[in-house]
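Structural overview for review
Okay, here's what each chain looks like letter by letter:
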Amino acid sequence: MLRTGTSTPQPSLRRNVPAPAETRWREWYEAHAPAVYGYVRFHVASADAAEDLTAETFLKAFRASEQYDPAKGGSGAWILAIARNTVRDHLRRAQRRGAPDAPLRDLQSDSPSPEEGLLWREQVGLMLEAVAELGRRDREIIGLRYGSGFETSAIADVLGLSETAVTTRLWRALKRLRRRLEA
Amino acid sequence: MIENEDPGTGQHRGGEGARDDIRELDETLGAVRFTPRRSLEAEIFGRLQRERSSTAAARSSRIRSHLLIAGRHGTVLWSSATIAAAALLIWWAGAGLWTGEGTLATGIGEVTLDHCCSDLDGGGEADDGVLIQAGEDESVLRLAIYEDRDGSGGYTPADIIRAGPDSPRSTAGPLPRGSVTQDHCCRDFDAGGPADDGILLVSVPPDRILVAAVYEDRDASGNLSAADVVRYMLP
């Protein structure tokens, strides 16, 4: 059964009360950086690129923070929307420059031994390569579910879909990913 | 979530094996966690502060030169290097100085960038980092290459500076035998925003760095070329 919960704290998508600018920005960063970084990381080949895009996302959000309207939705969904656009622009540019290749230095590992840690890295590397071959919609939902750690309801909020549609889309994306990995 | 049915059609998704495969994939993906480098937050807010602050400190003049490497003989040529007298940097009270012992100061409008870890000295280990102090207008004020001795993933006083502002100057001439040239492009090395900067390194493995130059990849070629601009060079 597909997991609908996660053991990690959910990023906040609650509606924010206006606060002095930089204080609010730091709160946004603390609350949403893991989700943004995780989402971006499922779309790019290296930690370097993910860090640059995460920085670019938050700087755009801070510069445009006066345009954020809490009445229209949570800050997390708003910042994720900026992240999605930033990733999209990067992937277009990356086709011209060529995506960099780098080891998974940013991958957390609880493996009890270096050998198992290496196997884990290889396994994740293969999964990321397979994710990169999927269509944009599949990559997006996998990035939100496993990169950002969002539950179905949060993904539905970001994508503007029903929860049923999210579940269906995710299931089908995983099937296609499975086929890629077996190929 | 209904385990045996496709939520879109209500039909069975397939055999038990297919469901197990998807479940296993879901669990494996759910265990993946990525963490960015620790200095990222400070860099972001440093860049933000720079954008918002007024210019009060004097800037050091840019050192602009063109670096050509003759491939066949491996000789490094310095051409039309104009070294202007550098203006003094005025540090605000409370800021320290770059001591080379791990203290990095930032004056108004400056950002410290710490990119770790790759194999920059040709030693075969991805344990080297780049420490950059970037000024306004995409200028690079200081550059150091360090070895991440304590494995922290960023610069600490426990690390070793392999090449920095105090590195001895070398004169033009043939490169030592066994020297390695690397060109790492493209990232944001000058805190300007776009990932359009590279760093060119000439080293003698395992850990001796002869030359390090940060450049802006103006022609988007992905490596240093005559059309690019060198922002900073060591020594």
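Please read these numbers as outputs of a predicted model, since none were measured by experiment. (Residues numbered from 1 in each chain as written. Chains lettered and ligands numbered in written order. Predicted model: local features only at pLDDT ≥ 70, side-chain atom pairs only at ≥ 80, totals over all residues. Heavy atoms only, no water.)

1. Observations regarding the pairing of strand β5 (residues 140-147) of chain B
Residues and elements named next belong to chain B. Stated precisely, the cut-off is as follows: For the exposure calls, accessible area comes from a 1.4 Å probe over protein chains only, and a residue counts as buried if that area is under 20% of its type's maximum, exposed if over 50%, partly exposed in between. Helix and strand assignments come from DSSP, with helices taken as H or I runs of at least 4 residues and strands as E runs of at least 2, each series counted from the N terminus. When DSSP finds two or more bridges between a pair of strands, those strands are recorded as paired.
In terms of residue burial, β5 counts as a mostly covered element, since seven of its eight residues are buried. Sheet analysis places strand β4 (residues 128-134) next to β5, joined by seven bridges and oriented antiparallel. Of the residues in β5, the one forming a bridge with L131 is A144. Count of turn residues in the β4/β5 antiparallel hairpin: five residues, of which D137 carries a positive phi of about 55 degrees. Where β5 meets strand β6 (residues 160-163), three bridges bridge the pair, whose relative direction is antiparallel. Counted as the bridge partner of E147 is I160 from β6.

2. Things to note about helix α2 (residues 40-52) of chain B
Quick reminder of the rule: For a helix, the expected span equals 1.5 Å multiplied by the number of residues minus one. Residue contacts are defined here by distance: any two heavy atoms, one from each residue, within 4.5 Å place the two residues in contact.
The first and last C-alpha atoms of α2 of chain B sit 19 Å apart over 13 residues, in line with the 18 Å expected at 1.5 Å per residue. Where α2 of chain B is concerned, the buried positions are L40, E43, I44, F45, G46, R47, L48 and R50 of chain B. In this fold, the buried residues of α2 of chain B make contact with α1 (21-41) and α2 (47-63) of chain A together with β3 (111-118) and β4 of chain B.

3. Points about the pairing of strand β10 (residues 208-216) of chain B
Residue and element names in this part refer to chain B. Along β10, eight of the nine residues are buried, which leaves the element largely enclosed by surrounding structure. The pairing of strand β9 (residues 197-204) with β10 spans eight bridges and is antiparallel. From the neighbouring strand, V204 faces β10, where its bridge partner is R208. Pairing analysis gives five bridges linking β10 to strand β11 (residues 229-234), with the strands arranged antiparallel. Residue A212 lies in a different strand from β11, and its bridge partner there is L234.

4. With respect to the packing of α1 of chain A against α2 of chain A
Residue and element names in this part refer to chain A. Rules: Think of each axis as a best-fit line through the C-alpha atoms, taken over the contacting stretch in the case of a helix, with angles from 0 to 180 degrees between the N-to-C directions. Reported orientations rely on four angle classes, namely roughly parallel under 35 degrees, roughly antiparallel over 145, roughly perpendicular from 65 to 115, and oblique for the rest. Helix crossings are classified by the rotation of the near helix relative to the far one: an anticlockwise turn of less than a right angle makes the crossing left-handed, while a clockwise turn makes it right-handed.
Look at α1 against α2: their axes get within 10 Å of each other, and the N-to-C directions meet at 140 degrees. The angle between the axes of α1 and α2 places the two elements in the oblique class. Taken as a pair, α1 and α2 cross one another with a handedness that is right-handed. Facing α1, whose interface residues are W25, W28, Y29, H32, A33, V36, Y37, V40 and R41, α2 presents A47, A50, E51, L53, T54, T57, F58, A61 and F62.

5. Focus on the confidence of the model for chain B
Residues and elements named next belong to chain B. Rules: For every residue, the predictor assigns a confidence score, pLDDT, that lies between 0 and 100.
For chain B, the mean per-residue pLDDT works out to 69, and 65% of the residues sit at or above 70. Note on residues 1-6: pLDDT is under 50 here. Beyond four places in sequence and across chains, it has 23 contacts. Confidence drops under pLDDT 50 across residues 54-105; counting only partners more than four residues distant or on other chains, this segment forms 96 contacts. Overall fold confidence (pTM) sits at 0.62, and the ipTM for the predicted complex is 0.82.

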